[in-house]
Amino acid sequence: MQIIPTKFFNYKNNILVITNFFIKKKVIILSFIYILLFVLLYFFIDFSSQSLVAHDEGLYARRSQILEDSSNWFSPPFPSAHHKTIGSYWFIALSIRFFGNSELSLRLPSILTSFICLIISYLIALKITNKKSALISVFSLSSLPLWIKYSRYASPDIPFVLCILLVIYFFLKFLDTTVNLNKFFYIFISGLFASISFFLRSYMTFVPLIGLSPFFIFNLLKEKTIFRSGFFLGNLIGFIPTLLNLYFSYQTFGMKGIYSLFDFAKKQAVGAIDFSNYFFIPLNYCYLTFPIGILLIILIVFTKSNNYIKYPLLIYVYPLLSLTVLLSMSKSYPHYYLFLLPPLSILFAIKLEFNSFRFLLSKLYIKSILSLFIILISSVFIYGHTFLKESLNQYSYGNTQLIYLISVILLLSYISSIRFLYTNGSYQSGLTKFLYSLVIPQYVALSLLFNFGILGSPNYKTKSFLGDQVVSSIIKSNTIYLINVESKTQTLLSYYLPSSKVITNFNEIVNYDYIITSDKNIIYKLKDQNFFKSIKKFDNHSLLMNISN
C-alpha cells in the first residue's frame, strides 16, 4: 500500500487556505493592487526621456538653482528686483539640495504635492458628501489633462493648490469639531496656510481667497471672537516669511524691491483685455477638463439636485466667484485655473450622485449626446492614426508602439463605455460606470505618455543634443557662449549649461572657442570666413567650434 507523504497534504491545505483568504478578502486585495498601480503610475517616471519646458520650467529651474546656492533664502539672490515672492522657488530649491540637480529634483515637489492634494481633496469631499462621491471626485481629478500635466511640472502651482486645499480642509475640521481647544487649533492652521500660500504664489492667492471669503465670513461671524482671532493670528504668523522676503528685498533694491512685486500683479490683473482669448475658453475647458467638464455641463442642463448640499457657499459660490475674478483679469493662463479643479471634481461628483431629471426626455437627451460625443472622439482617433501616421511617428520620439498601444486602449474604452448608458440598471449606476470606463483608461494613458516623455517634453531635441557624446565632452571642459539664440532655447541652455555666457557683440566672436547660435546669417558668415566649423545641429541651432586660432 502506497503512503502519501504528509507534505503533500500540507501543501494542498496551504493552497486551500490561501485561496479561501483571497476569496474572502477579494475586495480589499483588489483595492490594494489598484492603489499600488495608481501610485506606480504617479511616481515611476523615465527621467531620461524628460526635458524642461521653456520658458516657465527653465526659469523656475535656473532661479531655484541660484536660490539653492545662496546663503539667505529670504533675500532674492537675483541681479535686479524680482516680481515674485521667493517662496515660489523654495520647494524646488529644497529638492535640489536633497536630491541633486536633475529633472527628478525639479519636478518631484509637484509630483509629491499633487499626490497629497488627491488625499486632501478626498477628505474634503468626504466631509461634504459620502464615500462614493468622494471616490468619484478623486478619480475624476486625477484623470484631468491639466492636472496630470502640472503634476509633473517644475513650478509652484501644485504646492499652491495644496495650500488652498489645506485652508479649506482645516476650516471644515474647525466647523465639525465641538472641542474648543481643537477648534482653535484647526482655525489657526487654516489661517496659517492662507497666508503661507501668498509666500508661494504671491498675488495669485487673492483669487481663491476672494472666492472663499463669503464662506469664511458667513461661518466666522457665527463663531466666538476667540476663534475669529485664531484665524487672523494664523494669518499673521503665516505672513512672516513674506515680510522677511519684503524686508530683504527692500534692503537690497530699495522700494523697487517691493514695488516690482505689486507692479507685476497690477499688469497681470489690470489692463487691456484681449477679447479674442475668450473664444478659446470653451475649447480649453473641454480639452483640459475632459471628460468631467462636458459631463458636468450636461448634468447641469438636464438634471437637478435632489439632495441637501452641505456648505453651498463652498460648493457653488467659491468656484463661481473665483472663476469670475479670473475671467476679469487682463491676462489669464491655464495654470491659473488649477486650484479650481478639485472643487470642480467635487461638484461633479455631487451632481452625478444626487440628481433627478429636469425634463421628461432628459434621460434620452443625455444618452444621445454622450453617445454622439464618444463616437465623434473615436472617429478623431481613427482618422488621426489612419491619415497622420508620419506626424505621430515624429511626435512619439521613437515610442511609436507605445502610442499605438495607448490609442487602442483609449479607443476600446470609449467604444465599450457606450454600453453602460443603455444598461437596465439604475441611471446613476450606469452613468457612474460610464465615467469610470473613461477616466481610468485616460489616467493610465496620459500618465504613461507623460512618464515616457511623449507629452510634456517639447524640448526633447535640445536634451538629446546636450546628451550627445561629442557635445557632452565639449561642454564639460569648456565655456559655451550664446549669441542670438532663440529666447526659449536660451532659457533652457542657461539651466543645462550653467557656465554658459550670453554675448551680444559679434566682433568679439573670434575670441571664443565654442558658440551656439540660431542666427543663420552668423552661421553662414563664420563658415565662409573659415573662422568656425559646425560640430552639431539641433532644430535651427548650431554648435560652432573656432578653427581660426
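Figured I'd write up the structure that's included with this text. Note that the coordinates shown come from a computational prediction; the quantities given were computed from them, not determined experimentally.

## Some points on the side chain of Ser-518
Next, step 1: Mapped onto the elements of the fold, Ser-518 is located in the loop between β5 (514–517) and α25 (520–528).
Next, step 2: Apart from the residues within four sequence positions on either side, Ser-518 is in contact with Ile-483, Asn-484, Val-485, Glu-486, Asn-540 and His-541.

## A look at the packing of aromatic side chains
Next, step 1: Per the stated rule, a full pass over the model turns up 42 aromatic pairs.
Next, step 2: Ring-pair connections join several aromatic residues into one group, and the members of that group are Phe-171, Phe-174, Phe-215, Phe-216, Phe-227, Phe-231, Phe-232 and Tyr-311.
Next, step 3: Positioned above the aromatic ring of Tyr-42, the side-chain terminus of Arg-152 is 5.5 Å from the ring centre.

## A look at the sheet that holds strand β4 (residues 501–502)
Next, step 1: As summarised here, the arrangement of the 5 strands in space is β4-β3-β5-β7-β6, forming an open sheet in which the pairing is mixed. Two strands in the sheet have a free side with no partner beyond their single neighbour: β4 and β6 (532–538).
Next, step 2: As paired elements, strand β3 (residues 481–482) and β4 share 2 bridges and run parallel to each other. Bridge pairing links Tyr-481 to Lys-501 in β4.
Next, step 3: Taken strand by strand, helix α23 (residues 469–477) contacts β5, β6 and β7 (541–546), and its axis lies near 120° from that of β6.

## Describing the side chain of Ser-133
Next, step 1: Take Ser-133: it is sitting in helix α6 (residues 131–143).
Next, step 2: Note on Ser-133: relative accessible area 0%, which makes it buried.
Next, step 3: Each residue touching Ser-133, except ones within four places of it in the same chain, is listed here: Ala-349, Glu-353 and Phe-354.

## Things to note about the pairing of β7
Next, step 1: The element β7 is extensively covered by neighbouring structure, given that 6 of its 6 residues are classed as buried.
Next, step 2: The alternating pattern of β7 places His-541, Leu-543 and Met-545 on one face and Ser-542, Leu-544 and Asn-546 on the opposite face, and all of these are buried.
Next, step 3: Judged from the 4 bridges that link them, β5 and β7 form a sheet pairing that is antiparallel. In the strand pairing of β7, Thr-517 is matched with Ser-542.
Next, step 4: Relative to β7, β6 runs antiparallel, the two sharing 6 bridges.

Each value, and the rule that gives it
- Residues numbered from 1 in each chain as written.
- Predicted model: local features only at pLDDT ≥ 70, side-chain atom pairs only at ≥ 80, totals over all residues.
- Heavy atoms only, no water.
- Helix = DSSP H or I, 4+ residues; strand = E, 2+ residues; numbered from the N terminus.
- Contact = heavy atoms within 4.5 Å.
- Phe/Tyr/Trp six-rings, centres within 6.5 Å; stacked < 30°, edge-to-face > 60°.
- Lys NZ or Arg CZ within 6 Å of the ring centre and 35° of its normal.
- Pairing = 2+ DSSP bridges.
- Axes fitted to C-alpha atoms, helices over the stretch in contact; angles between N-to-C directions.
- Buried < 20%, exposed > 50% of the residue type's maximum accessible area, 1.4 Å probe, protein only.

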